[in-house]
Structures are given as structure tokens and as C-alpha cells.
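# Inside the fold
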Amino acid sequence: VSDVATRLQAEEQETLRRIESLTAEYDGIVRAAQGTANDDEHDPEGATIAFEREQLAALLDQARRHLAEITAAAERLSAGSYGVCTTCGATIADARLEARPTARTCINCA
Ligand SMILES: [Zn+2]
């Protein structure tokens, strides 16, 4: 897992870009909703907007959580504790880290 720092950096950039575009999309929907001052419950379009806004909020939340995981993994990497299960202290298998570079637990503790 020698290139893990590079992988984490690439994933961080990708996640930041995703957050940026989701935020822009979210802001656009909020602005559009403000333009139509209708009651969400009785306006079918308003309900759709509310649904889209919820979906985007969930995606944003997910992306932000992922970013936090990447940051935590990078911190473990510089602290020298990367690849060690935070629950049982066992070494996390390379294949698992390959598939999920932000993994903080071994397969048994996951
Ligand atoms: Zn473990």
C-alpha cells in the first residue's frame, strides 16, 4: 500500500469536486424554490423540489462523511497507524485497503 497517500489525495480531490457540484446544484434548487413562493404540500412541483432537495442533502451528507473518512485515513497514515484495525489492533489485509483505502477496521471487526 505504498501509493496509498496518492490514492487518498486523488479521492480527496474527487470528493471535494463532488461536494462543490452538489452544493451548486443544491443552491440552485433552493433559489428556484424561493422564486415560486408556493406551498409545498399543495403544489406538485413544490413537492418535487422538496424531494430533490432532500436527495441532494443526503448525497452531500454522504460526500462530507466520506471526506472526513479520507482525512482521518490521511492522519492515521502520517501517524503511522494506518492499516491497523482501530478495534482489535490487527493488521488490515492489503486487499481490503486496496478496495477501501479509508477502512479503519479489519474484516472481522467491520
Ligand atoms: Zn479488527
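Residues numbered from 1 in each chain as written. Predicted model: local features only at pLDDT ≥ 70, side-chain atom pairs only at ≥ 80, totals over all residues. Heavy atoms only, no water.

## Considering the overall build of the chain
Where we set the bar: To qualify as a helix, a DSSP run of H or I must reach at least 4 residues; to qualify as a strand, a run of E must reach at least 2; elements of each kind are numbered from the N terminus. The quantity called the radius of gyration is restricted to C-alpha atoms. Its globule counterpart is 2.2 Å times the number of residues to the power 0.38. Residues are treated as being in contact if the distance between any of their heavy atoms lies within 4.5 Å. A 1.4 Å probe and the Shrake-Rupley method give the accessible areas. Residues count as covered only by the protein chains that appear here.
Along the chain, the regular secondary structure elements total three helices and zero strands. In the chain, the succession of helices and strands from N to C terminus is α-α-α. Rg of the C-alpha trace for the chain: 19 Å, well past the compact-globule value of 13 Å for 110 residues, more than 25% over. Principal-axis analysis of the C-alpha atoms gives the chain an extent of 55 × 25 × 20 Å. Once local pairs closer than 6 in sequence are excluded, the contacts in the chain between residues at least 24 apart make up 57%. For the chain, the computed accessible surface area is about 7,200 Å², with 51% contributed by carbon and sulfur atoms.

## A word on helix 2 (residues 44-79)
An α-helical segment advances 3.6 residues per turn. Residues three or four places apart therefore align on the same side. In plain terms, the rule: One fewer than the residue count of a helix, multiplied by 1.5 Å, yields its expected span. Type-normalised accessible area, obtained with a 1.4 Å probe on protein chains alone, sets the label of each residue: buried when under 20%, exposed when over 50%, and partly exposed for intermediate values.
For helix 2, built from 36 residues, the straight-helix expectation of 52 Å at 1.5 Å per residue is met to within 8% by its first-to-last C-alpha distance of 53 Å. Residues Gly-46, Ile-49, Ala-50, Leu-56, Leu-60, Ala-63, Leu-67, Ile-70, Ala-72, Ala-73 and Arg-76 constitute the buried set of helix 2. In this structure, the buried residues of helix 2 make contact with helix 1 (4-35). With its phi angle positive at about 85°, Gly-80 sits one or two positions after the end of helix 2.

## Describing the nonpolar core
Spelled out, the test is: What is meant by a nonpolar core is a set of buried Ala, Val, Leu, Ile, Met, Phe, Trp, Tyr and Cys residues, joined one to another through side-chain atoms within 4.5 Å.
Residues Val-4, Leu-8, Ile-70, Ala-73, Tyr-82, Cys-85, Ile-92, Leu-97, Ala-103 and Cys-106 constitute the largest nonpolar core, which totals ten residues. Secondary structure elements with two or more residues in this core: helix 1 and helix 2. Those residues in contact with Ile-92, other than ones at most four positions away along the chain, are Gly-83, Val-84, Cys-85, Leu-97, Ala-103, Arg-104, Thr-105 and Cys-106. If you look at the next biggest cluster of nonpolar residues, it comprises nine residues, including Ile-29, Ile-49, Leu-60 and Ala-63.

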